[in-house]
Amino acid sequence: MKKNIIIAANSSWNIYNFRMHLIRKLSSKYRVIIVAPVDKYTNYILDEGYEFVDIKLNRNSLNIFSNFIIFFSYILIFNKYQPAAFLGFTIKPNIIGTFASFFFKKINSYNFITGLGTFFFSRNFFRKYILIFYKIAFIKSKIVFFQNHEDKTYFIDRNIIKEKKSFLIHGSGIDLEFYNNTNAPNNNKKFIFLCVSRINKDKGIIEYIDAAKLIKKEFLNVEFQLLGEIDKKYNNQVDIDYLNKSIENKIITHINFIDDVRTNIIESDCIVLPSYREGSSRALLEGAALKKPLIASDVPGCNNIVKDNFNGYLFKAKNSFNTYEVMKKMLNLDIRERNLMGKRSREYIKDKFEINLVNNSILEVIYKHI
């Protein structure tokens, strides 16, 4: 009989879009049970035949009672399935789920820090307590996986995790067979910058719009696309009025979120991400896999994918003018140089971020303990 493994995240969307390749590999040896809140992606998971347990989890709630209910829910789930391992993704499963695993000695807990995000930009007192909770939770962890060197160093330097318990992986991996651009390079009449992102302030959306305004004063036939949903549950929301006016004034073109962004990326000329911090940006990986030159802020999670003057350009985070300068630099490049950058993008991630490479490195670690 196969041993049980529980994989938990704060949404079925997260599981389906980022973890399914790993889950499929694990399921060849183990019975995988997925724990996450129900959303429209839950049925996709069920269609693949995996067991699914709904857990009521609000990723932004600080309510002590509701978080205790989550903790008790994990206790009940662990007691029912008696898993050999627990893999936690996102903050609450990492902390609350791992706290619950303390009551089960046989559970090997593995935590994945996929980006500091909201936590990193939180008020100091909140960040302080989250770090304390992480430190306690990681006592139970066999290994904590980090997606970039800076996040790993951040936790080690603050004595949240020991070096021997930390392990660096290259993002969540990218499927190069799925993201494969065999089309000829674009010969668009207009140059298209594309930003694929959740729409909130910390993704640098305002800087993207401000830079677009400056570019449009100098260049004709340039379009700035923004593909994604407004993150209404995020604490640091973008100025909606400013966003809407920018759309109305045709500074940017807004495209509602879609599951498959390959066509949008292929039809663009350059991928832009002005984020303040990432784990390892999925949008940049997708753009690189599809042979696009990249422009991104010089921050963790972006500068491990974009190599300045090699496969794109980096700019200062939170700096609209520098974003504009770098966009202008890209526009002035010869098309052959841009295409060369795009080829380098795919070659670079093929060596580091290919999904089998990433997941095999994770499985190698996990198999040592189970």
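Scroll up a little and you will see the structure.
Residues numbered from 1 in each chain as written. Predicted model: local features only at pLDDT ≥ 70, side-chain atom pairs only at ≥ 80, totals over all residues. Heavy atoms only, no water.

Considering the overall build of the protein chain
Alright, step 1. The helix and strand inventory of the protein chain stands at 15 helices and 13 strands.
Alright, step 2. The C-alpha radius of gyration of the protein chain comes to 21 Å, within 12% of the 21 Å expected for a compact globule of 370 residues.
Alright, step 3. Principal-axis analysis of the C-alpha atoms places the extent of the protein chain at approximately 65 × 40 × 40 Å.
Alright, step 4. Each of the 370 residues in the protein chain was classed as buried or not, and the buried ones make up 55%.
Alright, step 5. In the protein chain, once contacts between residues fewer than 6 apart in sequence are set aside, the share between residues at least 24 apart is 70%.
Alright, step 6. Of the roughly 17,400 Å² of accessible surface on the protein chain, a fraction of 52% belongs to carbon and sulfur atoms.
Alright, step 7. Side chains of the protein chain give 55 positive and 36 negative charges; the mean places of these two sets differ by 7 Å. (Helix = DSSP H or I, 4+ residues; strand = E, 2+ residues; numbered from the N terminus. Rg over C-alpha atoms; globule rule 2.2 N^0.38 Å. Buried < 20%, exposed > 50% of the residue type's maximum accessible area, 1.4 Å probe, protein only. Contact = heavy atoms within 4.5 Å. Areas by Shrake-Rupley, 256 points an atom, 1.4 Å probe, with all protein chains shown as cover. Lys, Arg positive; Asp, Glu negative; His and termini not counted. Charge placed at Lys NZ, Arg CZ, Asp CG, Glu CD.)

So, helix H9 (residues 205-218)
Alright, step 1. Taking 1.5 Å of rise per residue, the 14 residues of H9 would be expected to cover 20 Å, and the 21 Å separating its terminal C-alpha atoms lies within 8% of that figure.
Alright, step 2. Burial in H9 covers these residues: Ile205, Glu207, Tyr208, Ile209, Ala211, Ala212 and Ile215.
Alright, step 3. Residues of H9 that are buried make contact with strand E8 (191-196), strand E9 (222-227), helix H10 (240-248), strand E11 (270-273) and helix H13 (320-331). (Expected span 1.5 Å × (residues − 1).)

Concerning a nonpolar patch on the surface
Alright, step 1. Together, Phe102, Phe103, Tyr129, Ile132, Phe133, Ile136 and Ile139 make up a nonpolar patch on the protein surface, roughly 700 Å² of accessible area in all.
Alright, step 2. Along the chain, Phe133 turns up in helix H7 (residues 124-137).
Alright, step 3. We classify Phe133 as partly exposed; its relative accessible area is 36%. (Patch = residues over 30% accessible without salt bridge, like charges linked within 9 Å, V, L, I, M, F, W, Y side chains within 5 Å. Salt bridge = Lys/Arg side-chain N within 4 Å of Asp/Glu carboxyl O.)

Structural notes on the nonpolar core
Alright, step 1. Of all hydrophobic cores here, the largest spans 30 residues; its most connected members are Phe193, Tyr208, Phe224, Ile252, Ile295, Met327 and Met330.
Alright, step 2. Where this core is concerned, the elements lending two or more residues are E8, H9, E9, E11, strand E13 (312-315) and H13.
Alright, step 3. Among all residues touching Phe224, those that are not within four sequence positions of it are Phe193, Tyr208, Ala212, Ile215, Lys216, Ile251, Ile252, Thr253 and Met327.
Alright, step 4. Counting 28 residues, the second-largest nonpolar core is a separate cluster that includes Leu22, Ala36, Tyr50 and Phe52. (Core = buried A, V, L, I, M, F, W, Y, C linked by side-chain atoms within 4.5 Å.)

Things to note about the packing of aromatic side chains
Alright, step 1. Taken as a whole and judged by the stated rule, the model has 26 aromatic pairs.
Alright, step 2. Here the guanidinium or amino end of Arg158 rests over the ring plane of Tyr154, the centre of that ring lying 3.7 Å away. (Phe/Tyr/Trp six-rings, centres within 6.5 Å; stacked < 30°, edge-to-face > 60°. Lys NZ or Arg CZ within 6 Å of the ring centre and 35° of its normal.)

Quick notes on the sheet that holds strand E2 (residues 31-36)
Alright, step 1. Across the sheet, which stays open at both edges, the seven strands sit in the order E3-E2-E1-E4-E5-E6-E7 with parallel pairing between neighbours. Each edge of the sheet is formed by a strand with only one pairing partner; in this case those strands are strand E3 (51-54) and strand E7 (166-168). Between one strand and the next, the sheet's axes are offset by a mean angle of 20°, whatever the strand orientation.
Alright, step 2. Inspection of the sheet shows strand E1 (residues 4-8) paired to E2 by five bridges, in the parallel sense. Pairing of Ile5 across the sheet is with Val32, part of E2.
Alright, step 3. On top of the sheet, helix H8 (residues 149-157) reaches strand E5 (108-113), strand E6 (141-146) and E7; it is set at about 165° to E7, its chief contact.
Alright, step 4. Along the sheet, helix H15 (residues 355-367) makes contact with strand E4 (85-89), E5, E6 and E7, crossing E6 at roughly 170°. (Pairing = 2+ DSSP bridges. Axes fitted to C-alpha atoms, helices over the stretch in contact; angles between N-to-C directions.)

Structural notes on the sheet that holds E13
Alright, step 1. Across the sheet, which stays open at both edges, the six strands sit in the order E10-E9-E8-E11-E12-E13 with parallel pairing between neighbours. Of all strands in the sheet, those bounded by a partner on one side alone are strand E10 (253-255) and E13. Pairwise comparison of adjacent strand axes, ignoring direction, gives a mean angle of 20° for this sheet.
Alright, step 2. Note that E8 and E9 share six bridges and pair parallel.

Focus: unusual backbone geometry
Alright, step 1. Unusually for a residue other than glycine, Lys291 sits at a positive phi of about 65°.
Alright, step 2. Along the chain, Lys291 turns up in the loop between helix H12 (282-289) and strand E12 (294-297).
Alright, step 3. Although it is not a glycine, Asn309 adopts a positive phi angle of roughly 65°.
Alright, step 4. Relative to the helices and strands, Asn309 is located in the loop between E12 and E13.

Focus on the packing of helix H4 (residues 64-81) against helix H5 (residues 91-101)
In a packed pair of helices, the relevant descriptors are the angle between the two axes and the axis-to-axis distance.
Alright, step 1. Their axes nearest at 8 Å, the elements H4 and H5 cross at an angle of 55°. Between H4 and H5, the angle is such that the two are oblique. In this structure, H4 meets H5 at a crossing whose hand is right-handed. Of the residues in H5, those in contact with Asn67, Ile70, Phe71, Tyr74, Ile75 and Phe78 of H4 are Lys92, Pro93, Ile96, Gly97, Phe99, Ala100 and Ser101.
Alright, step 2. Taken together, the residues of the contact of H4 with H5 sort by class into nine nonpolar, three polar and one charged. (Parallel < 35°, antiparallel > 145°, perpendicular 65-115°, else oblique. Left-handed = near helix turned anticlockwise from the far one by under 90°. Nonpolar A, V, L, I, M, F, W, Y, C, P; charged D, E, K, R; others polar.)

Some points on the pattern of salt bridges
Alright, step 1. Applying the stated rule across the entire model yields eleven salt bridges.
Alright, step 2. Among the salt bridges present, the one from Arg262 reaches Asp260, with a minimum N-O distance of 2.6 Å.
Alright, step 3. On the basis of relative accessibility, which here comes to 34%, the residue Asp260 falls in the partly exposed class.
Alright, step 4. For Glu286, the salt bridge identified is with Arg282, shortest N-O distance 3.5 Å. Of the two residues, Glu286 and Arg282 are both situated in helix H12; the distance of four residues between them amounts to about one turn of the helix.
Alright, step 5. On the basis of relative accessibility, which here comes to 22%, the residue Arg282 falls in the partly exposed class.

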